[in-house]
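# Analysis of the macromolecular model
Okay, here's what each chain looks like letter by letter:
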Amino acid sequence: MFDEKDVQALKANGFDEVNVSEDGRRMVARKFPKKEGEEKMEPKIIQMADYPIVKKPAESKRSNRTFATTDLAELQADEYTRQAEAKIREISYLEDDLAYYQKKLVKAKKWRKFWRKTAPAQTTAIGLIGLVLGVVLAVSQLLENHGPTVTILGTIGASFIYLASGLFWMGFFGWLGKEQADELVKNCTKKVHLYGNAIEEIEAEIAELQAEADELAKKARHEKYRVWKRRGII
């Protein structure tokens, strides 16, 4: 656009009257005759494109640099946008993993709650199995080694043996049942911690990627703004 420097340049080249339009894109230059009989020059409308004084080599280079800088800014904006979109796609993949581990976490918590509630029942049930097996084992061994009892004292003694054997095996199987229930609870608790840690790591990574994507989008908008401003769009 024409400015005061262009006006002065025209005057230095012999023009007496130079007027610039309000938008700065057109100039009217007039040269008055210096000698009598010299024909008055017709006003010449000089536009930015055909004004030779403005198009100095340095000015042309500056204009070329401006266009090159604008193109570079547009390429940079596209690159920032591409990088931001890549971050968003990565976030989408991570969100799928996050949903997977969240479902696993819910299931692990449900199973842990179930095994905790059923631990006494497991211990009792397995203990009763041990009691029955202990009594059956004691009876079979006494019948095999001593035969059936024929006296009251023998029957009472055998009953104590049956009871002792049953209680022993009930205690042993009950301990096994408790250990099994505790192990099931521990296993579920381990899974809860594992899935919980995975979820925290994924959420942290998603937050980091989202921040990076937002920053890249901000840079892209800034470069686009520069392009639009230089091209006169805004």
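Residues numbered from 1 in each chain as written. Predicted model: local features only at pLDDT ≥ 70, side-chain atom pairs only at ≥ 80, totals over all residues. Heavy atoms only, no water.

What follows concerns the pattern of salt bridges. For the structure shown, the criterion picks out three salt bridges. Residue Glu212 pairs with Lys87 through a salt bridge whose shortest N-O separation is 2.8 Å. On the criterion of sequence distance, the pair formed by Glu212 in helix 3 (residues 152-230) and Lys87 in helix 2 (residues 57-145) is long-range, its members being 125 residues apart. By relative accessible area, Glu212 is classed as partly exposed at 28%. On the accessibility criterion, Lys87 (23% relative accessible area) is partly exposed. Of the charged contacts in the structure, one is a salt bridge between Lys178 and Asp182, with a shortest N-O distance of 2.9 Å. Pair noted here: Lys178 and Asp182 are both in helix 3, with a separation of four residues, about one helical turn. Using a relative accessible area of 44% as the deciding quantity, one classes Lys178 as partly exposed. The partly exposed category is assigned to Asp182, whose relative accessible area is 28%. (Salt bridge = Lys/Arg side-chain N within 4 Å of Asp/Glu carboxyl O. Helix = DSSP H or I, 4+ residues; strand = E, 2+ residues; numbered from the N terminus. Buried < 20%, exposed > 50% of the residue type's maximum accessible area, 1.4 Å probe, protein only.)

Our focus in this paragraph is the nonpolar core. Residues Ile91, Leu94, Leu98, Leu105, Ala108, Val192, Tyr195, Ile199, Ile202, Ile206 and Leu209 constitute the largest nonpolar core, which totals 11 residues. Looking at this core, the elements with two or more residues in it are helix 2 and helix 3. When residues in this core are grouped by element, the largest group, six residues, is from helix 3. Ignoring any residue separated from it by four or fewer positions in sequence, one finds Ile91 in contact with Ile206, Leu209 and Gln210. (Core = buried A, V, L, I, M, F, W, Y, C linked by side-chain atoms within 4.5 Å. Contact = heavy atoms within 4.5 Å.)

Turning to a negative patch on the surface, a few remarks are in order. A cluster of acidic residues, Glu90, Glu200, Glu201, Glu203, Glu205 and Glu208, forms a negative patch at the surface. It is helix 3 that contributes the most residues to the negative patch, five residues altogether. Structurally, the position occupied by Glu205 is in helix 3. Residue Glu205 is classed as partly exposed on the basis of its relative accessible area of 34%. (Patch = residues over 30% accessible without salt bridge, like charges linked within 9 Å, V, L, I, M, F, W, Y side chains within 5 Å. Areas by Shrake-Rupley, 256 points an atom, 1.4 Å probe, with all protein chains shown as cover. Lys, Arg positive; Asp, Glu negative; His and termini not counted. Charge placed at Lys NZ, Arg CZ, Asp CG, Glu CD.)

Once that is clear, we can look at the layout of surface pockets. Reported here for the second largest pocket is a volume of approximately 150 Å³. Surrounding the second largest pocket, Lys104, Lys107, Ala108, Trp111, Trp115, Leu184, Asn187, Cys188, Lys191 and Tyr195 form its lining. Elements represented by at least two residues in the lining of the second largest pocket include exactly helix 2 and helix 3. (1 Å grid on protein atoms, 1.4 Å probe; cavity = no way out; pocket = protein on both sides within 12 Å on 5 of 7 lines; lining within 4 Å. Points joined across faces, edges and corners; volume = space filled by probe spheres on them.)

This paragraph deals with the packing of aromatic side chains. Throughout the structure, instances matching the rule amount to 10 aromatic pairs. On the numbers, 5.8 Å between centres and 25° between planes, the contact of Trp111 with Trp115 is stacked. Of the two residues, Trp111 and Trp115 both sit in helix 2, four residues apart, roughly one turn of that helix. For the ring pair Phe168 and Trp169, a centre distance of 5.2 Å and an interplane angle of 80° mean the geometry is edge-to-face. A connected cluster of aromatic rings, assembled from ring pairs, spans Phe168, Trp169, Phe172, Phe173 and Trp175. (Phe/Tyr/Trp six-rings, centres within 6.5 Å; stacked < 30°, edge-to-face > 60°.)

With that settled, the discussion passes to the confidence of the model for the protein. Summing up the model confidence of the protein, the mean pLDDT is 77 and the portion of residues at 70 or higher is 67%. Element-level pLDDT for the protein is lowest in strand 3 (residues 44-47), with a mean of 44, against a maximum mean of 87 in helix 3. Across residues 43-67 the pLDDT falls below 50, and counting only partners more than four positions away or on other chains, this stretch makes 37 contacts in the model. (pLDDT = per-residue confidence, 0-100.)

Position of Thr189 relative to the elements: it lies in helix 3. Classification of Thr189 by relative accessible area gives buried; the value is 18%. Contact partners of Thr189, with chain neighbours within four places excluded, come to Arg112 and Arg116.

For the rest of this paragraph, the subject is the side chain of Arg112. Here Arg112 lies in helix 2. Of the side chains bearing the opposite charge, Asp182 lies closest to the buried Arg112, which forms no salt bridge; the N-O distance is 12 Å.

Within the fold, Tyr225 resides in helix 3. A relative accessible area of 43% places Tyr225 in the partly exposed class.

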